[in-house]
Structures are given as structure tokens and as C-alpha cells.
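Structural description and commentary
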Amino acid sequence: MYGRKKLMIDPAWCKGCGICAAFCPRQVLAVVNEKVTIQDPDSCVCCGLCEMRCPDYAIWLVNMEE
Amino acid sequence: MSKAVLMQGNEAAVEGAIAAGMRFFAGYPITPSTEIAEMSALRLPQEGGKFIQMEDELASIAAVLGASAAGMKAMTATSGPGFSLMQENLGYGAMAEIPCVVVDVQRAGPSTGLATSPAQGDYMQARWGTHGDHPVIALSPSSVLETYTLIIRAFNLAEKYRTPVIFLMDEIVGHMREGVELPDPRTLLINRRKMSFHDGANKQCYFVPEGEYVPAMKPFGQGERYNITGNAHDESGFPTNSHEIAGRLVTRLLDKIDKNVDDICRVEEYAMDDAETAVVCFGGTARAVMSAVLEARRRGEKVGMFRPITVWPFPEDRLRARLGSLKRILMVEHNHGQMLREVQRTVGGSVSVDFLGRVDGTVITPDEILAKLSEKEGEKHAQ
Amino acid sequence: MPSDLVHLYMRIDHLPQMWCPGCGNGVIMRDVAVAIDELIHDEESGVNREDIVIVSGIGCSSRAAGYLDFNSIHTTHGRAIAFASGIKMANPRLHVIVLTGDGDCSAIGGNHLIHAARRNLGLTVIAFNNDIYGMTGGQYSPTTPNGDKATTAPYGNVDRPFDIARLASGAGASFSARGDVYHARETIDIIKQAILHKGFSLVDVYSICPTYYGRKNKKGDAVEMLRWQKENLIPTARYYNMREDERADKKLIGILSYNDYPEYTEEYAKVIARSRESLKKNGGAKT
């Protein structure tokens, strides 16, 4: 979590391409057994670049306000 | 009030189409159909419609299907070479169930052939031109007035059955001028495709209730959201790899026509009640056949004319119904024997079938037909 | 339970999509959805959901039409722009967006691309350009670089490639731009401008095909291919601040050409008005 946003992952949708992890500016993510996992949640600044570049919509930010 | 006007067949096609509600035409110039594009360019904007000259026939039929998906009654017109180019998307229209009318003013082929000469060599192409098993409706007029009234029927059938209808003209009718008295447009019966009442995403846009064959859908831009594809698809219009769903879909598309042949098929039968010989023909060829039949009758011969107006599906039940009293059939067509095969298949050897055909781009005359009628039963040959 | 965006604008029953791991197409499809979403939420844009029609041809990219929850039509190979032309003519109010591939729009459909551009018909064409025929397993396309390998170019491609954005502007497109997968935010903004543009607009979006093009040409995996995009495809502001020698082997991500040529359906509305005027003058004589 960062501010009121939170990073979500649906492993069933992940194809393990590694784009999100490679271009994460804070090295929050890693691909383990062909699925993305959150390795360092505290470093996440919820910039949304992973969501923007995930070809499979397996990782995204949610607004926790509601 | 209707009044007599002098009109060319191609012109009658445009006026009939406009009366049927055609408001979009996309085409590419090709002899002998070009006047249809020219007349559409002139007349459609007067009616608030649109004309566009596309870069080729591939684009023309695609634009027509697009316009129809967006709710306009749409048409294109071409001749043999262009008709060949349109075949892939004719199959698309059948698969995706998009109504439209495709006019083919036939000329002598194959290939560029004799561009300004009449022929009827596209009869089989109209049925089998696109790949895969697919439904086809094709209508063929034999006069200028019939071009007007029949193309209205072509639009009505396209809308009713949500499928492309081929309007199979020939150079004889396309370029013929006749004095015609057009019906009052207010007296015409005009069909509109069945629309759904759905708003928003519809996952069952292609759903058809038991006993029916045609889905109800709104055109694009009217609030119902769905997908159209040429792939085998389920009721939601989404592509599927299921053999069961694909089989059911194609069977329904074929049944749509097969189970409604009585509604779709029209035939002109002249002097057939006591006829021992039937001259079978379609389109412009009927002009010479009618002269020959009248002359034969004057001579006391029991000859009639059997003319499919709906040429696909071939009106086999109607021909079969005549077999009891017939001794002989003479098929006359401007090709090497195409409808002949349908006639032979229908009569199945119960009656002898002779043939008079032509592939040189000239017109078969009444005298030739009379000469053939007076010949003994013989083998098929084309001159 | 993916994001609201996916729920709102995609046919979720059919996801995850069928594209290979690391395929750029999913990112470009999302760019299109985000661009539309942002336009719908911008009242000034005048864009609303029911007026959007997605048209595609055949190929990997063209599967996007089925995934996006709008009026959508997945047409025949090469003919998407021609179908779209009919849709736009029939109802000029509609925002007609063509999702196509490099083969679909510049090989088999090249003729339709240049003629729609020439007419300046108000379509938006988004080319998912991955330099290869992916659906059929990796044959060279009109954008495969010279010398590169493909299953039909086992000794290297002897063809010279098209630059689709330049092809469109050369043919008269009033809006021609380039986007890519790496610069997603920039590409979304370019797509928004393309949709709002009145005349013909084309965005040549550089996709990546790690499975066929990447593997055949030793370009590495999806990550490596995106690194290449990051280093060699340069967004507008930075591009124009580079020295000419720095730019030499780089490509601009942004708008290449823009003008205000009259839009085709607006011009045709004038044809209708002219024909009715002359009808009046001739006392109703139609021919």
C-alpha cells in the first residue's frame, strides 16, 4: 500500500513474461515459478507502471477509498 | 401516379434499389455495370443517401457490409472480374449475417473476356464462388420493369434473411432500354431487418429461438453492443473453436434458406399447363425464348417456357411438379451449360434434356431455338 | 478479479487473452481502452461509449476487437479499413477505430490504407506493428527489417521495409503518428489525439513479438525487446532536443504530421446539399 492505493495480482492471469518486474522503478516485483509476486511491498510507490505495461492485465492498482 | 418512362436495365436497378430503401452504394467502375454506379452517384445524394467510389471491388463489398452493419441498406454492382474479387466477403456477409445486395451484370468471360458482350457464365459462381458451405439467394431479371420490381424483392429477402442477395443480371437486360410504367412507390412492400430491443452489451445477439432461423440485432450505434466476426462463433458473436457450435451455426445458416424455399423461390411459367416441351431459361435469354415459344405455339407445337426468377436456390420443386406431362426439356442459356446441371439433377433422367448454349459473346436468337426445338432429341453441345 | 478498466471495457468472459507471454498487443489494447475511457470522462471530447465502433481485420492484433466491449466487428484479412469506411459513411457520428496489424494494413490491405488516407475519411487506425506475421507462425511482413530472419526468409529478408506512419502521411493522412509498447502513457495520449482528430488518423504502434520475431532474430525476450524500445524510440520533447547525430538511429514516438484537410463525410454532406439544390432548380427532375 502507498497512500490510499494498493497493488493487486491475479496469478491466474499472469503469463510470467517479467515485463512488470524488469521495469519496476523500486524493484518491488519478481517472477517466481513463472508468476509475478510482490517481493518488497513496502517499497512500492504505486506508480502504476507495472499495470500500464502488463500485457495480460494480471497486476493492477486499486483505490482503497471506497 | 405512375407514368411510362424510357429506362435502361441498369438504371431500373438503381431506381428499384432506392425505392427499396437503398441509401448506400460503394462500387468500382466495370463494364457493363458502370451505369449503376453512375446513376447511384447522381441519385443517392438527392435522397439523402451516400455514394462512394472505392479503390477496388474488394473494398466495395467491404464498405457495403460495413454500411449495412451500421444500419443502411447497401448495394454494390459489378461484373464478372469484380464479382470474383468480391467472393471472400460474400462469404463473410453470409457468415456474419449482414444483409446487402450485390448486382452482377454478367459479361462474357473467363478473365477479361469480351467486356462488352453478353453472357450468363457467372451462374455457378453465384452459387459456389465463395469458399465453404454457405447460403445463397440469387435473383435474375429478364426485363427492365422486372429489374425494378425484382431488386426491391432482393432487398426484402436480404433484410428478412440477413444474408447477401446476388442480383444476377446480364448485359442484355443491363443495357436494354424499354418503356416502363413504374409502380407507385407508396404501393410497394418494403421489409426491414428484425431488430432486437436490447440495450448495452448483448451476449446473445445471435440467439435464434427454436423454429426460427434469423437473429434480431440492432445496427451499430443504436445502443446494443455485440461482436461480429467471420470466424465460427457462438450466440455472443465471439469466435469459437467448438466443432459442435460451428456445426450448429453453419447448419442454421443453410437451413435459413433451405427451409424457406417456398418463400424465396419464384418462377415464371408460360404456356406450361399442356406443354410437352419446356424451354428452361433465365435472365435476358428469356426474351428470345419467349419469341420462340410464341412462334412454336402458333405452329401448334406444345411448347412452354419455364423461367426461374429465383435462380438460387434452384426452384427444383416447381420443375419437378411439371415432370408428369413433359416429354422433353430444352435448356437455353448463354454459357456452356451451368443451369443445365441443376435441371439434369432435378429431372434425374426422367425426361430427356437438350441444351442450347453459347460462349462467344453473341446472342442466341429465336430462330436458333426454334431450329433446336425441331431437331430430334440430341446431345448437349455449345457453339 | 482484474482492474475496473478491464471490467468496464473488456469482454471479461474471454480473458485472459490468447496472445503469447510478453506479446505487446495486450499493452496496446489496454492503451486503446484507457484512451477511450479518458475521452468518455472528458465531457468536452463528446465521445460516448455507444458511438465507438472497433473494426479489425485478421491476424494476432485483430483479435483485440473481440476482447473490447464496444460495437466491434472482426472482418476479413486486409479489409478492416474498407469495412470501417462503410460504417463511417453510414453514420458519421460514430468514432470508428480500426485495430490492425502490419501485414493486415500494409500488405494485403495496403491499398485501402492509402486510399482512406487520401480521402481523409475520419477513421482512426491503430496499427499493431510487430514486424512479423505472428498468427501464421513468423513469416516476414512489409515492416520486417531488411536482413532479418523469418520462416519465409530463412537466409535473411531481401525486402526493404515500409515505415507505416510515413506511408500514411505520404498518402495524405491528416494525422500520422507513432507509438510503442514501452512508452505506454505517451502512446495513450497519442491515441486520444488520434481519436479526437476529425480527419483520417493513423498511429503506427511498435509492438513486440518475442515468440516469433524476437526468437528468430536473437532479440532476446520481451524484456530485452522493450529495453530496445526504451533506448531507441524517443518521445517528442526529448527527440527534438537531441542533436541530429544523436537522433540518427532513433525514431520519434509522437505525431509525425498533422493538418486540417477537410474531412470526407463532411464534404459528402455538402454533396447531398448540392444535389438537393440542383433538384429544386430543375423543378424536381431527378435525372
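One structure accompanies this document, and this report is about it.

Thresholds applied
Residues numbered from 1 in each chain as written. Chains lettered and ligands numbered in written order. Predicted model: local features only at pLDDT ≥ 70, side-chain atom pairs only at ≥ 80, totals over all residues. Contact = placed C-beta atoms within 7 Å. Helix = DSSP H or I, 4+ residues; strand = E, 2+ residues; numbered from the N terminus. Nonpolar A, V, L, I, M, F, W, Y, C, P; charged D, E, K, R; others polar. Pairing = 2+ DSSP bridges. Axes fitted to C-alpha atoms, helices over the stretch in contact; angles between N-to-C directions. Parallel < 35°, antiparallel > 145°, perpendicular 65-115°, else oblique. Left-handed = near helix turned anticlockwise from the far one by under 90°.

Remarks on the interface of chain A and chain C
- At the junction of the two partners, chain A supplies 16 residues and chain C supplies 20 residues.
- Breaking the side of chain A that touches chain C down by element, the ones donating at least two residues are α1 (19–22) and α2 (49–53) of chain A.
- No other element matches α2(A), which puts 3 residues into the side of chain A that touches chain C.
- Considering only residue class, the side of chain A that touches chain C consists of 9 nonpolar, 2 polar and 5 charged.

Focus: the sheet that holds strand β1 (residues 52–56) of chain C
- Across the sheet, 9 strands lie side by side as β12(B)-β2(C)-β1(C)-β3(C)-β4(C)-β8(C)-β7(C)-β10(C)-β9(C); this open sheet has mixed pairing. The open sheet has two edge strands with one neighbour each: β12 (227–229) of chain B together with β9 (233–235) of chain C. Across this sheet, the average inter-strand angle for adjacent strands is 20°, counted without regard to direction.
- Where β1(C) lies against strand β2 (residues 71–74) of chain C, 4 bridges are found, and the strand directions are parallel. Bridging from a neighbouring strand, Ile54(C) pairs with Ser72(C) of β2(C).
- Sheet contacts for helix α8 (residues 184–196) of chain C: β3 (95–101), β4 (123–129), β7 (175–180), β8 (201–206), β9 and β10 (251–258) of chain C; angle to β7(C), the most-contacted strand, approximately 155°.

Here we look at the packing of helix α3 (residues 57–69) of chain B against helix α4 (residues 80–96) of chain B
Residue and element names in this part refer to chain B.
- One can describe the packing of α3 onto α4 by two numbers: an axis separation of 8 Å at closest approach and a directional angle of 30°. Here α3 is positioned roughly parallel relative to α4, judged by the angle of their axes. Two packed elements cross with a definite hand, and for α3 against α4 that hand is right-handed. Between α3 and α4, the residues in contact are Glu57, Leu58, Ile61, Ala62 and Leu65 and Gly82, Leu85, Met86, Asn89, Leu90, Tyr92 and Gly93, respectively.
- Grouping the amino acids of the contact of α3 with α4 by side-chain chemistry returns 8 nonpolar, 3 polar and 1 charged.

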